[in-house]
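Notes for the structure review
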Amino acid sequence: MTVLFADVVRSMGIAAAVDVERLREIMTELLERSAAVVQRYGGGRVEYTGDGIMALFGAPVALEDHAFRACLAALAIQEEADRLAVEVQRRDGVQLRVRVGLNSGRVIAGEIGSGALGYAAIGEPVGFAQRMEAVAPPGGVMLSASTARLVEHTVLLAEPEWVHIKGAGEPVHARRLVGIGPRDGLLRRAEASLVGRRWELSTVEGLLDRAIDGCGGVVGVVGSPGIGKSRLAREVAAMARRRNVDVFSAFCESHATDVPFRVVARLLRTAFGVEGLDAEAARAQVRTRVRDADPEDVALFDDLLGIADPEFSLPKIAPDARRRRLTALVNAASLARQAATVYIIEDAHWIDEISESMLADFLTVIPQTPSLVLITYRPEYQGALTQMADTQTVALAPLSDSETAALVSQLLGPHPSVGELGHQIAERAAGNPFFVEEMVRELTERGVLQGHTGAYVSTAEVGAATVPATLQAAIAARIDRLDPKAKRTLSAAAVIGSRFGLDLFTVLGVEPVIADLLAVQLVDQVSFTRQPEFVFRHPLIRAVAYESQLKSDRAELHRRVAAAIESREPARAEENAALIAEHLEAAGDLHAAYGWHMRAAAWATNRDITAARLSWERAQRIADALPADDPNRTAMRIAPRTMLCGIAYRVHLQVAGNRFDELRELCTAAGDKSSLAIAMSALVLESVYQARVREGSQLASEAMAFIESIGDPTLTVGLSFMAIYAKAQSGEASDVLRWSQRVIDLADGDPAKGNFIIGSPLALAFALRGLARYGLGRPGGRDDLRHGLALARSTNPLSYVQVATYVYFGGIPAGALRPDDSAMREIEDALEIAERAGHDFSLAQAREMLGFALVHRDTVAERDRGEQLLAEVGEMLRRQGQQGNDLPLVEVYLARERARRGDCDEAIALMRTAVDHLVRQGQLVCGAGIYATGVLVETLLDRGTDGDVAEAEAAIERLATAPAEEVVAVRDIWLLRQRALLARAHGEEARYREYRDRYRDMARTLGYEGHIAWAEAMA
Ligand SMILES: Nc1ncnc2c1ncn2[C@@H]1O[C@H](COP(=O)(O)OP(=O)(O)OP(=O)(O)O)[C@@H](O)[C@H]1O
Ligand SMILES: [Mg+2]
């Protein structure tokens, strides 16, 4: 048994400060509340000791978990005291604090009982409990070593300390009680023993065994509401714990489906053991788990978990990079974890999209770890987590008739009076165990059934009692029967969430009455710390409690919850913005909800672009729904639409069509030219990415004219890039030259001017002007490229990646630049930055750039690596269905490597297809088509059959005669080279030498470094 001893700290002080009458009032109140607590946790008779109480757990009735219950009671007493103390402080100006001590020991039967001496008869163990109380800190609970030993696996204890106690010479060991679980959020609860589900359980057991052996897996448990998914999860958790496997779980909630990161953060917080810690302690804990990780990565992880240091500002990296780095960090931690683990994700049908996709990434390493991931969901969910490779699925069917009957008779018991009712219940429940339970509870509360579980007697005439028609009706009837205060508590809780503490109720203006709800099992307590937490026993209960409220009441509660979330943690308002928006939207407060959605989107732009997209989409929907006479409506409709156009290419949204037309109309009506300019630029970019090059060029001209007409230099500098890019793709080098010149003039040396979309428009403009100069055969190209690179490097790392990509990607295959050692260093550098900080898109481009550079190098090892990289890039482009000219170009250079290894036939076939593709796209005279033709011609001439020579000649002619808007130097130089090679193939030595020399001269005059080297290599 365990003895609990509780006493008021320095009660003499209190006695002096308040009058006798009041003192008695306070003490009585405290003692009564404490006695009620002891009773709630199954303690025995309470004895008053003057200033405190003493109670016994485990006697006179033997309770196996007496020490645990005493701990629960001790914390609950402290909690009651805290609550009372608030009032005492206010009224009397004194501090009320309580100490509690616990000690466990043996009792000999018969020693305790009704004897006049009562507990005093036990003597020693009680005395020791009192000593523990005396050394407890005010407001604390101290456990003797004997109690600590009994509960150390079920509660949270501070490190052991040595304490001096009265009457003992040597100091003794004691431990302070910090709290109780929730170690896993799934505490034991009284429920019917499991019926059926043998096959399902043994399937999961098999997977668990495999996981323990190091071969992890993912299992989905699917079934309709109340069918027993959570129950199966609890059984699995218990099974795992019996095998000493850690269990971590997280659940999704119906009202948080649009709150990004919520579930993933929750699961990671429990898995990393930071739940319930303050932010600083949490950060320290995280660092013990990821010792070797890059500190910046760990800081990103803190931010994800919502425990970031307020001093810390996010590194300036793209959200994609953040995702890659977090995935690498979490996966490394999973792989490093040796201990077998079960992760449970409940109710995935309510998971937010971001958590879902992050978890999908994290789950990829599970097969290599000793862990089992169990995901429960209702059949409507068909998202990413059900589609993981190797996921097993366990579908829960309704219980069979005989299983249902077994469950019913287990609950009702054997009394003849319940037989008929039992049949009705079983029939109505149709194999849904939750419905069975709820019907029994409902009948009990209605008084039709009397007695207790397993031993009910029916008071109704046979056939007279009715059972509820549906599960929802059963729950609704039970809720209806609650006393108004309890009902109000339940309603408010339903608005707060599935899991709730008591703190929010005050702000909601609701006095929480939890005891009734616990008693009728509508909610369960899951955390017994001093800030207790509760959960709805079942999501359906929450749904019914939510739905059955008056809409206006509910709206008011939502509004207050929103305000409370904001005021409780003002520093985290941005992080909570999506949740606040959700509550305000439910409250019908549309303007405010709009504002919070926009804030949520802004917060998300650096974290997850899809999250930002979702928030803007919701803001857009709200704005659209505003009444037509709302003066802000048009502006509110424009803002999120403009942002969506701006990020469209990153999240695969279509700009052309409705999205653009609608926005143009709105902007025109409102006279908002800047937003329209942004949308037009997005449209230009989209058409180029989708390989509609001519259309893109046309749109680019329109967009540039429009942007110029606005006359805002910053806007012009910021937006020109899209149009210039389109012109570069269509080979209109003069436009590229002119417009990049304009940016250079307007930016006036400021690399940051207009940097709202790209890192440094000025640096990029230099790079583009340089490439255009090369293309047109004008001087100064090389200096421009160098200057652009230097500017970008001094501006910011991502801008450097972007500029380097243009410079080397545009320069090396064209023959303008040579991939010498210093270029290779710059390229590798850019790739490294892209890996740490870039969008997936720019990382892919950086890899592609390196691939092209490497296949232009001399050593076999480098070319092999280049081939490998290009093969990966090609695979990715194919997967994404990319339509631009990147893929054909990659294929041409991959084919060239193939030819080099001797497989000319296959290589030439591949090259032909790729070049034809470029010709069809109208890309023959623009960069890609020129070098692709060059590579094809050279490969044909190398193989050198008569047919090949003729084909090469035709290809050269096709390139030479293709109409072009302007003189293109890059075509001329490639043509000279190919004509030289063709002449040699024909055996015309003199012609060969003539072309070769002209080629060499042109390369030198124009400063085409790549061609200079190639020309020199021609004998
Ligand atoms: N096989 C079973 N034997 C006995 N009781 C069961 C069985 N299956 C489920 N129950 C009980 O039925 C109730 C509802 O089950 P559970 O909470 O697991 O449903 P669920 O499938 O998770 O529903 P939801 O989709 O709404 O979350 C629980 O109280 C559970 O203990
Ligand atoms: Mg469930």
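Further up the page is the structure itself.
Heads up: these notes are all about the structure in this document. (Residues numbered from 1 in each chain as written. Chains lettered and ligands numbered in written order. Predicted model: local features only at pLDDT ≥ 70, side-chain atom pairs only at ≥ 80, totals over all residues. Heavy atoms only, no water.)

Here we look at the overall build of the protein
Within the protein one finds 43 helices and 18 strands. Each of the three principal axes of the protein carries a C-alpha extent, and together these read 130 × 70 × 65 Å. Residues classed as buried in the protein amount to 54% of the 1019 residues present. Pairs at least 24 residues apart make up 69% of the contacts formed inside the protein by residues separated by at least 6 positions. In the form shown here, the protein has an accessible surface area of approximately 43800 Å², with 51% of it arising from carbon and sulfur atoms. (Helix = DSSP H or I, 4+ residues; strand = E, 2+ residues; numbered from the N terminus. Buried < 20%, exposed > 50% of the residue type's maximum accessible area, 1.4 Å probe, protein only. Contact = heavy atoms within 4.5 Å. Areas by Shrake-Rupley, 256 points an atom, 1.4 Å probe, with all protein chains shown as cover.)

Digging into the site of ligand 1
In the vicinity of ligand 1, 22 residues are found, and the nearest of them are Gly-226, Lys-229, Arg-231, Glu-437 and His-538. Here Lys-229 contributes a side-chain N or O atom positioned 2.5 Å from an oxygen atom of ligand 1. A distance of 2.7 Å separates an oxygen atom of ligand 1 from a polar atom in the side chain of Ser-230. In isolation ligand 1 exposes 630 Å². Once the protein is present, 99% of that is buried. Contributing elements (two or more residues each) for the shell around ligand 1: α7 (229–242) and α15 (433–446). The element best represented in the shell around ligand 1 is α7, accounting for four residues. Taken together, the residues of the shell around ligand 1 sort by class into eight nonpolar, six polar and eight charged. (Near = heavy atom within 4 Å. Polar contact = N/O pair within 3.5 Å; in protein donor to acceptor, adjacent residues only side chain to side chain. Nonpolar A, V, L, I, M, F, W, Y, C, P; charged D, E, K, R; others polar.)

With respect to the packing of helix α10 (residues 295–305) against helix α11 (residues 319–336)
At a minimum axis distance of 10 Å, the contact between α10 and α11 shows a crossing angle of 95°. Compared by their axis directions, α10 and α11 come out roughly perpendicular. Listed contacts from α11 to Glu-296, Asp-297, Val-298, Leu-300, Phe-301, Asp-303 and Leu-304 of α10 are Arg-322, Arg-325, Leu-326, Leu-329 and Val-330. Across the contact of α10 with α11, the residue classes break down as seven nonpolar, no polar and five charged. (Axes fitted to C-alpha atoms, helices over the stretch in contact; angles between N-to-C directions. Parallel < 35°, antiparallel > 145°, perpendicular 65-115°, else oblique.)

Describing the sheet that holds strand β10 (residues 246–251)
Here we have five strands laid out as an open sheet, ordered β10-β11-β12-β9-β13, and parallel in their pairing. This sheet does not close on itself; its edge strands, each paired only once, are β10 and β13 (392–395). Adjacent strand axes in the sheet meet at a mean angle of 20° when their direction is disregarded. In the sheet, strand β11 (residues 341–346) pairs with strand β12 (residues 371–377) via five bridges, with the strands oriented parallel. Residue pairing across strands places Val-342 opposite Leu-372, the latter belonging to β12. (Pairing = 2+ DSSP bridges.)

Digging into the pairing of β11
Counting buried positions over the six residues of β11 gives six, a clear majority of the element. The alternating pattern of β11 places Thr-341, Tyr-343 and Ile-345 and Val-342, Ile-344 and Glu-346 on opposite faces, both of which are buried. For the handedness criterion, the β-α-β arrangement of β11, helix α12 (residues 353–363) and β12 is classed as right-handed. (Right-handed = clockwise from strand over helix to strand, strands pointing away.)

Description of the environment of Tyr-1008
Examined against the element boundaries, Tyr-1008 turns out to sit in the loop between α42 (989–1006) and α43 (1009–1016). Separated by 455 residues in the primary sequence, Tyr-1008 and Asp-553 place their C-alpha atoms 75 Å from one another. Dropping the residues within four chain positions of it, Tyr-1008 is found in contact with Tyr-774, Gly-775, Ala-814, Gly-815, Ala-816, Ala-969, Val-970, Ile-973 and Ala-1003.

As for the packing of aromatic side chains
Counted by the stated rule, this structure contains 19 aromatic pairs. Plain terms: the ring middles of Tyr-689 and Phe-841 are 5.6 Å apart, the flat faces sit at 70° to each other, and that makes the pair edge-to-face. Of the two residues, Tyr-689 sits in helix α27 (residues 673–689) while Phe-841 sits in helix α35 (residues 840–855), which places them 152 residues apart along the sequence. On the accessibility criterion, Tyr-689 (22% relative accessible area) is partly exposed. A network of ring pairs unites the aromatic residues Tyr-649, Tyr-689, Phe-721, Tyr-725, Tyr-806 and Phe-841 as a single cluster. We note Arg-289 situated over the ring of Phe-272; from NZ or CZ to the ring centre the distance is 4.7 Å. Over the ring of Phe-261 we find Arg-322; its NZ or CZ atom is 5.7 Å from the centre of that ring. (Phe/Tyr/Trp six-rings, centres within 6.5 Å; stacked < 30°, edge-to-face > 60°. Lys NZ or Arg CZ within 6 Å of the ring centre and 35° of its normal.)

Limitation: the analysis is restricted to geometry and does not speak to function.
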